[in-house]
Amino acid sequence: MEKKLYSKDIILVLAASFFYMSSPMLVTPLITGFTESIGASAAVMGFVGGLMNLCSLFCRPLAGNLADRISKYKLTFIGVVLMTIASAGYILAPNEMTVVFSRIINGAGFACCSVCLSTWMSNMLPKEKIGSGMGFYGTMNALGMAVAPAIGVSVYQRFGYRTAFCIALLFSLAILLVIRFVGDKGEPVNDSLELKRERPRLELIDIKVLPIALIIMLFAIPYCATQSFLVTYVEVQGLDIAVSMFFPSYAVVLIVLRLSLRNLFDKLPFQVFLLISCISELLAIVLLAAMRSNAAMFLASAFLAGGYGIMSSVCQSAAMLLAGREKRGLANSTYYIGLDLGMTLGPMIGGALYGGLDIRLFYPALLVTMPLAGVVYLTAGKGLRKRG
């Protein structure tokens, strides 16, 4: 069993997952500034910043259906080609419209890769190792999210935007190289004749996984609101805090937690992780509300890793176990729809709170998300509790 968990194919897919996350994450902190530098207005800058996730949200149902019907290798290849075209578009963009089209292409490619690689990985794992295996998958994603923006900003500061985008292009090309050597091409599971008759041609979501999607959405909202407004929150309150260290600290703690808990992901029930992660994220929000020092900020980042960071892996593995092997692509797309909604709603809700409330109430207002996650779990029915 241990041999299977660390097989050559799984290691290659884990490497591909690092590169697929690194490519767009390198671009994300730079794209709005680059768009402004080629003549875009503030409105277009904001639109470009959120366009990739918005496009991914609409592409995921199609990607989820395709992931259950064609080989994972082929769909990943298509996604990577789109991401490569998008990176080339950023490098060569003469105006903001080229950037807009490149963001749309990037969103479609990102949707294909995110759904397909996670499904590909899960299908290589024995059922009793899905939790720990997907924990490793999430760790590689977290590494990409931590390393790539730092590389992008560093290269941009020394050589400019377009050179930084060349690194994103190299990350995409690295995926093509890595997946070429995966032996298991992720051919679709053969459905029984009865299942084929019952199954619709196109399913947008997996109903059984919908509560999981809602739970991860609620965990993502405070995280993404923090991602968008933490710097402004600290500046408005005049706090002397090294805010640039918040997310690197979060990433380090998350990697340590995922590696330390990897065996427990397959042993402890879902509701244990949900309860502990709810408490952890509540503590993070409270600490951010009361934050006056770097120590409080680092503690908040650690608790946020124990909340949103851990639940992102737990929810993804739970979604796949609920759906069954033949529908894991659809289950993954449903999970990612919830995640995309959280990533979209977090900044929007944060903007509404920032504009409509006293800044001191920004984080207390976000506390409601964790009780709502508990309500979703309690009302989800016996299926989800049985999985738990």
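Here the structure is a predicted model, which means the values were calculated and not measured.

**Student:** Which parts of the structure should I look at to understand a nonpolar patch on the surface?
**Tutor:** On the surface, a nonpolar cluster with roughly 420 Å² of combined accessible area is contributed by Leu 204, Ile 205, Ile 207, Leu 210 and Leu 214. Positionally, Leu 214 belongs in helix α9 (residues 210–237). Owing to a relative accessible area of 35%, Leu 214 belongs among the partly exposed residues under this scheme.

**Student:** Would you take a moment to explain the layout of surface pockets for this structure?
**Tutor:** Space left empty within the atom packing is revealed by a probe, the size of a water molecule, rolled over the atoms. Taken as a whole, the largest pocket encloses approximately 1,600 Å³ of empty space. Forming the walls of the largest pocket are 47 residues, and the residues nearest its centre are Met 25, Thr 28, Met 145, Gln 227 and Met 343. Looking at the lining of the largest pocket, the elements that each hand over two or more residues are α2 (8–37), α3 (42–67), α5 (96–124), α6 (130–159), α9, α10 (246–260), α12 (294–323) and α13 (328–356). Examining the composition of the lining of the largest pocket, we find that 9 residues originate from one element, α6, more than from any other. Here the lining of the largest pocket is built from residues that sort into 28 nonpolar, 15 polar and 4 charged.

**Student:** Sorry if this is basic, but what is going on with the packing of aromatic side chains here?
**Tutor:** Think of a pair of aromatic rings as described by two things: how far the centres are apart, and how the planes are tilted against each other in angle. Summed over all chains, the structure comprises 17 aromatic pairs. Aromatic rings pair up to connect Phe 34, Tyr 90, Tyr 156, Tyr 161 and Phe 165 into one cluster. Directly above the ring of Tyr 73 sits Lys 185, whose terminal nitrogen or CZ lies 4.4 Å from the centroid.

**Student:** Is there a simple way to think about the environment of Thr 98 in this case?
**Tutor:** Position of Thr 98 relative to the elements: it lies in helix α5. On the basis of relative accessibility, which here comes to 24%, the residue Thr 98 falls in the partly exposed class. C-alpha separation for the pair Thr 98 and Thr 163, spaced 65 residues apart in sequence, amounts to 17 Å.

**Student:** For this particular structure, what's the right way to read the side chain of Arg 258?
**Tutor:** Tracing the backbone shows Arg 258 in helix α10. Buried charged residue Arg 258 carries no salt bridge. Nearest counter-charge: Glu 281, at 11 Å. In contact with Arg 258, not counting residues within four places along its chain, are Gly 135, Gly 138, Thr 139, Ala 142, Phe 265, Gly 309, Ile 310, Ser 312 and Ser 313.

**Student:** Please explain helix α11 (residues 270–290) as it appears in this structure.
**Tutor:** Helical periodicity: at 3.6 residues per turn, an α-helix aligns residues three or four positions apart in one direction. Here α11 spans 30 Å end to end across 21 residues, near enough to the 30 Å set by a 1.5 Å rise per residue. Inspection of α11 places Phe 270, Phe 273, Leu 274, Ser 277, Cys 278, Ser 280, Glu 281, Ala 284, Ile 285 and Leu 288 among the buried residues, and these make up the whole buried set.

**Student:** For this particular structure, what's the right way to read α5?
**Tutor:** Helix length check: α5, at 29 residues, gives a terminal C-alpha distance of 42 Å against a target of 42 Å (1.5 Å per residue), a fit within 8%. Capping the start of α5 is the job of one residue whose side-chain oxygen sits 3.2 Å from the backbone nitrogen of Met 97: Asn 95.

**Student:** I keep staring at the pattern of salt bridges and nothing clicks. Help me out?
**Tutor:** A side chain of one charge can pair with a side chain of the opposite charge if their charged atoms are brought near each other. Scanning all chains against the criterion turns up 2 salt bridges. Salt-bridge contacts for Asp 9 lead to Lys 8; the nearest nitrogen and oxygen are separated by 3.9 Å. Here Lys 8 falls in the exposed class, since its relative accessible area comes to 52%. A salt bridge links Arg 360 to Asp 358; the shortest N-O distance between them is 2.9 Å. Accessibility expressed as a relative area gives 56% for Arg 360, which makes it exposed. Classification of Asp 358 as partly exposed rests on a relative accessible area of 35%.

**Student:** Is there a simple way to explain the packing of α2 against α5 in this structure?
**Tutor:** For any two helices packed against each other, the geometry comes down to the angle between their axes and how far apart the axes lie. Following both chains from N to C, one finds α2 and α5 inclined at 160°, their axes separated by 10 Å at the closest point. Looking at the two axes, α2 sits roughly antiparallel to α5. Read as a crossing pair, α2 and α5 show a hand that is left-handed. When the residues that make up the contact of α2 with α5 are grouped by side-chain class, the tally is 17 nonpolar, 4 polar and 3 charged.

**Student:** Just to check I follow, could you spell out the packing of α2 against helix α7 (residues 161–179) for this structure?
**Tutor:** Remark: α2 packs on α7, axes separated minimally by 8 Å, with the N-to-C direction vectors making an angle of 160°. Between α2 and α7, the crossing angle belongs to the class labelled roughly antiparallel. Crossing angle aside, the handedness with which α2 passes α7 is left-handed. Residue composition of the contact of α2 with α7, grouped by class: 20 nonpolar, 5 polar and 1 charged.

About the thresholds
- Residues numbered from 1 in each chain as written.
- Predicted model: local features only at pLDDT ≥ 70, side-chain atom pairs only at ≥ 80, totals over all residues.
- Heavy atoms only, no water.
- Patch = residues over 30% accessible without salt bridge, like charges linked within 9 Å, V, L, I, M, F, W, Y side chains within 5 Å.
- Areas by Shrake-Rupley, 256 points an atom, 1.4 Å probe, with all protein chains shown as cover.
- Salt bridge = Lys/Arg side-chain N within 4 Å of Asp/Glu carboxyl O.
- Helix = DSSP H or I, 4+ residues; strand = E, 2+ residues; numbered from the N terminus.
- Buried < 20%, exposed > 50% of the residue type's maximum accessible area, 1.4 Å probe, protein only.
- 1 Å grid on protein atoms, 1.4 Å probe; cavity = no way out; pocket = protein on both sides within 12 Å on 5 of 7 lines; lining within 4 Å.
- Points joined across faces, edges and corners; volume = space filled by probe spheres on them.
- Nonpolar A, V, L, I, M, F, W, Y, C, P; charged D, E, K, R; others polar.
- Phe/Tyr/Trp six-rings, centres within 6.5 Å; stacked < 30°, edge-to-face > 60°.
- Lys NZ or Arg CZ within 6 Å of the ring centre and 35° of its normal.
- Lys, Arg positive; Asp, Glu negative; His and termini not counted.
- Contact = heavy atoms within 4.5 Å.
- Expected span 1.5 Å × (residues − 1).
- Polar contact = N/O pair within 3.5 Å; in protein donor to acceptor, adjacent residues only side chain to side chain.
- Axes fitted to C-alpha atoms, helices over the stretch in contact; angles between N-to-C directions.
- Parallel < 35°, antiparallel > 145°, perpendicular 65-115°, else oblique.
- Left-handed = near helix turned anticlockwise from the far one by under 90°.

Scope: geometric values only; no functional claims are made or implied.
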